[in-house]
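Commentary on secondary and tertiary structure
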Amino acid sequence: MEAADLLALLDQQQFRRLRVIENLLRERKTVSTLYWGQRYHLLYLVGLAKKLPRGALDAPARELQQRGFITVGETPDQIRLSPAGQAAQAQTRYYQPQTQATWSQLDLMAARQRILLAVQVVSQYAHSTKRYYPLTTDLETRQAVRRWFYQVKSARLSEQTFVSLQKSLEQLPEATASVVTALFTGYQQPGLTAEQLAREQQRTPWEITLMQLDGVMQIAGDAQAEDQPLTRLLRSVWRSPVTRSAQQTLAAMGQGRSLEQIAAARRIKPSTAREHLLEAAILLPRDQFPYDWILTPTMRQEFANVLTGPIDDWQYTAMPQALQDRYAFFYFRLYAIWCDKRGVEDA
Amino acid sequence: MLEPLTTSLEKVFGFNTFRSGQAAALTALEAGQDTLAVLPTGAGKTLIYQLYGYRHPGCVLIISPLLSLMNDQVNRMHMAGFRRAAAINSLTSYSERQEILRHLGDYQFLFMSPEMLAQPQMLAQIKQLQLGLLVIDEAHCIVQWGPDFRPEYLLLGAIRSQLQQPLTLMLTATAGQTTRQEIAKQLRSQPQIVAESVDRPNIFLDVEHVENEPEKQERLTQLVGQMQGPGVVYFSSKQQATDTALSLQQQTGARVAAYHAGLSSEDRFKIQQQFMADQLDVICATSAFGMGIDKNDVRYVIHYHLPADFESYAQEIGRAGRDGQQSIAILLYASGDEQLPLMLGQANRPEAETIHRYYARPQAFSEEDAAIALLAFYRRHGISEAAVIQLFSRRERERNRALAQMLAYVREPHCLRHNWLQAFDEQSPEHQADCCAPAGMSPDLAQLGLLAKAKTAPVDSVDDWRARLHRLF
Ligand SMILES: [Zn+2]
């Protein structure tokens, strides 16, 4: 990631923590990281750069600071845009992913690998090439594509694949469709690297990746919506954004038990059960989480009385001691998530 | 009774005749003789063990030092129609490794890194296999001493004994008498030697001295601008390869890309394929580039940095002119360039004093330091302090000798080819005008027919995506 990529992730009002952004990208999903990811509207970044080294954003941040684009908050880790930074951000036509709202429902990286290899395989098949260098991918992708190919192989496969890919890409901006297509590898087309495309399009390689992911999401979404060759290949890469164990805790909640009962039944610590619930609350739409069972009307009223102003400024330890004694941090955090999801304006 | 070798060759590869060295190596192996095949790059060394594997039962185990390129090798096996091939190294994911191990007995060809084979559990698994042939690829790595030095190669002799001395094929592109003897000694084998000359008469040799770094950049830009591609420029650093690729593209208009082990496998794949499909004119590469590239019409290889030894230099320039057409190998040298290979060599070489202190109290040292990790490796494998000190000083002598040889080449006043071939204990033909241009003489690029004929087409650009998509299918 370069300075320009980080610039696009910052805000002029809200201080954002560099480490949170880094942990989202690296898929270090602690409740705190997820909560702030939600507050920053950056949850779509989860797991997009799993191999990003720790501290990889420090250099881009330093560069932004040297150019006077950011100001630093209470700790050096918290940054927000300066007026100059805001102007710079407004001036660049940085790519805004179109489909990011649904990224968390798909294992995007796996889908990307599968689509790339499938396109190559079908393209070579369409040109009756028997021997070619396949893209180097992990074993799981290779096996999935191989199984899929033997299932769908037919005289009309390449035509059908072409038609559905074209239809999907037409839903996206022209520039995105171009990038996604140029990154494909196939018969007599090695494909361009993200680096090469970035230079040609005068964007950063990271932007090129975002454009490609838009394409992947669009293709996968369309393949799910109607039956076409890629449908079978991509069926198994859809997933819940919530981890399996958190899903189980949430399901147990649905049976009307208290937190302590659930923890005992699932043989986990109550604190773990609370983390599971917070994770689910953050990652699921509001109507898929039983807020009403946990946040009683009294509780909400009591919180509403003391918690005013921007959500980001709320502090558990700043609440009256009596309220802290009555309600654990868990309820405070869940209330904030509920307000955030209701779109309560940060007054 | 086995069918004749040529019949198998015809069946598997569709060729009528062997290239020189292939048949001799196969005949020696089939007579039960360990074989050291010293065959130039592009001579088809892979075919020897492919055909052996085809004709004989048992697994062919190939030990290869180049992690990032091992998957390319497996792909090449698949391309050649050998489906039962797999690679295991430290880059192989856990689940993939488990999957391969479950079916270990089913593979006809297994590629493995030396450090993977050195692990006791892995070795135990391999002992269970019926090994038809053990192949040591890039066998010169046993004696080379550079940043890519792999201590595990030194264990191969012991491992080979543990595997009950299987029939062994040692492969290398370049090895003089000393290197050959050292390889045989390390592997505890008395191999039959099958060697072809390293000389490539169609590669013109050129050494150019420049004053300093900016002048070197300038000369490189000039050469790339003038010469007929495709070409490869070798660097010792990834960063410099990347930066120079960008500046060459901007200044010469040629289509240039960088290639090094730091790229993702997808990018490496694409750049290799672009180069093969003539969509690139120049590759700025580190030594990671080369294997897996079957490009016959590379017209020039330029070395921006001084290689550490003649073996690597011969390997790298050997990628030029495989089609037999006139090509050129240019070495750019500024005084002091020898410092870089010296530094790279010293980077993980511990002092005798450190070795002594380490052996006295190993637990007091952190293995995060590369030099200490190397010592820990030796110690764990039961090599004594005295032996390690001796090993390092011998290595250092060899390295200095190798570098001195490179420098002698750079300063050779009369005939570069003579100097080069002498290093490999070979006779050279009489020097002629189309042979070489030592420092101070310039090659006549026009006379050699190496000047660019026409401006190349622009970089493959993002045209109409619908048309592009349609071409794919
Ligand atoms: Zn000469």
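This one's a predicted model, so the numbers in the text were calculated from it and none came from an experiment.

**Some thoughts on the coordination of the zinc ion**
Perfect tetrahedral coordination of a metal by four donors corresponds to 109.5 degrees between them, and perfect octahedral coordination by six donors corresponds to 90 or 180 degrees. Residue and element names in this part refer to chain B. Here the zinc ion is held by Cys415 (SG), His431 (ND1), Cys435 (SG) and Cys436 (SG), and the distances to it run 2.1 to 2.4 Å. One can describe the site at the zinc ion as tetrahedral: its four donor atoms subtend angles covering 98 to 114 degrees at the metal. Motif for the zinc ion, donor spacing along one chain: C-x15-H-x3-C-C. Taken as a pair, Cys415 in the loop between α17 (385–411) and α18 (416–423) and Cys435 in the loop between α18 and β14 (436–437) lie far apart in primary sequence, 20 residues in all. In this structure Cys415 comes out as buried when scored by relative accessible area, which is 7%.

**Here we look at the pairing of strand β13 (residues 327–334) of chain B**
Residue and element names in this part refer to chain B. In terms of burial, β13 is a largely internal element, eight of the eight residues being buried. Judged by which residues are buried, β13 turns out to be covered on both faces: Ser327, Ala329, Leu331 and Tyr333 on one side and Ile328, Ile330, Leu332 and Ala334 on the other are all buried. Sheet topology note: the strand β8 (residues 203–210)/β13 ladder contains eight bridges and is parallel. Bridge assignment links His209 to a residue of β13, and that residue is Tyr333.

**A short note on helix α2 (residues 18–25) of chain A**
Most of α2 of chain A is tucked away, with seven of its eight residues classed as buried. Of the residues one or two after α2 of chain A, Glu27 of chain A is the one with positive phi, at around 60 degrees.

**A short note on the domain arrangement of chain A**
Residues and elements named next belong to chain A. Segmenting chain A into domains produces domain 1 (3–94), domain 2 (102–237) and domain 3 (244–345). Computed over C-alpha atoms only, the centres of domain 1 and domain 3 are separated by 27 Å. If you look at the interface, domain 1 gives eight residues, while domain 3 gives 12 residues. Note on domain 1 versus domain 3: buried area summed over both sides is about 1100 Å², and carbon and sulfur give 61% of it. It is Val31, Tyr35 and Arg39 that lose the most area in domain 1 upon contact with domain 3, and together they represent 53% of the buried surface on that side. Ionic pairing is found between Arg39 and Asp340, a salt bridge with its closest N-O pair at 2.6 Å.

**Digging into the environment of Tyr409 of chain B**
All names here are of chain B. Among the structural elements, Tyr409 can be located in helix α17. The class for Tyr409 is buried, based on a relative accessible area of 0%. Taking C-alpha positions, Tyr409 is 33 Å from Gly157, a pair spaced 252 residues apart along the chain. Ignoring anything within four residues of it in the chain, the contact list for Tyr409 reads Leu205, Val207, Phe310, Tyr313, Leu331, Leu416, Asn419 and Trp420.

**Digging into the UniProt feature "domain: Helicase Helix-turn-helix" (unreviewed entry) in chain A**
This chain's UniProt record puts "domain: Helicase Helix-turn-helix" (unreviewed entry) on residues 245–335 of chain A. With 64% helix and 0% strand, residues 245–335 of chain A has end C-alpha atoms that lie 22 Å from one another.

**What about the interface of chain B and chain A?**
With 38 residues of chain B at the interface, the matching set in chain A holds 48 residues. With both chains or domains summed, chain B and chain A bury close to 3800 Å², and 60% of this area falls on carbon and sulfur atoms. Looking only at chain B, the three residues that lose the most surface to chain A are Trp465, Leu472 and Phe473 of chain B, adding up to 22% of its buried area. On the surface where chain B and chain A come into contact, there are four salt bridges. Close ionic contact of Arg466 of chain B with Glu174 of chain A constitutes a salt bridge, the shortest N to O distance being 3.2 Å. Linking chain B to chain A there are 12 residue pairs in polar contact (both at pLDDT 80 or more). Elements supplying a minimum of two residues to the side of chain B that touches chain A: α4 (67–79), α5 (94–102), α11 (238–252), β10 (256–259), α12 (265–276) and α20 (465–472) of chain B. At nine residues, α12 of chain B tops the list of elements feeding residues into the side of chain B that touches chain A. In terms of residue class, the side of chain B that touches chain A is made up of 15 nonpolar, 11 polar and 12 charged.

Calculation notes
Residues numbered from 1 in each chain as written. Chains lettered and ligands numbered in written order. Predicted model: local features only at pLDDT ≥ 70, side-chain atom pairs only at ≥ 80, totals over all residues. Heavy atoms only, no water. Donors = N, O, S within 2.8 Å, 3.2 Å for Na, K, Ca; no water. Tetrahedral: all angles 85-135°; square planar, octahedral: opposite > 155°, others 65-115°. Helix = DSSP H or I, 4+ residues; strand = E, 2+ residues; numbered from the N terminus. Buried < 20%, exposed > 50% of the residue type's maximum accessible area, 1.4 Å probe, protein only. Pairing = 2+ DSSP bridges. Domains from an automatic or database assignment. Contact = heavy atoms within 4.5 Å. Buried area = accessible area lost by both parts, 1.4 Å probe. Salt bridge = Lys/Arg side-chain N within 4 Å of Asp/Glu carboxyl O. UniProt positions renumbered as here; feature names shortened; annotations may be inferred. Polar contact = N/O pair within 3.5 Å; in protein donor to acceptor, adjacent residues only side chain to side chain. Nonpolar A, V, L, I, M, F, W, Y, C, P; charged D, E, K, R; others polar.

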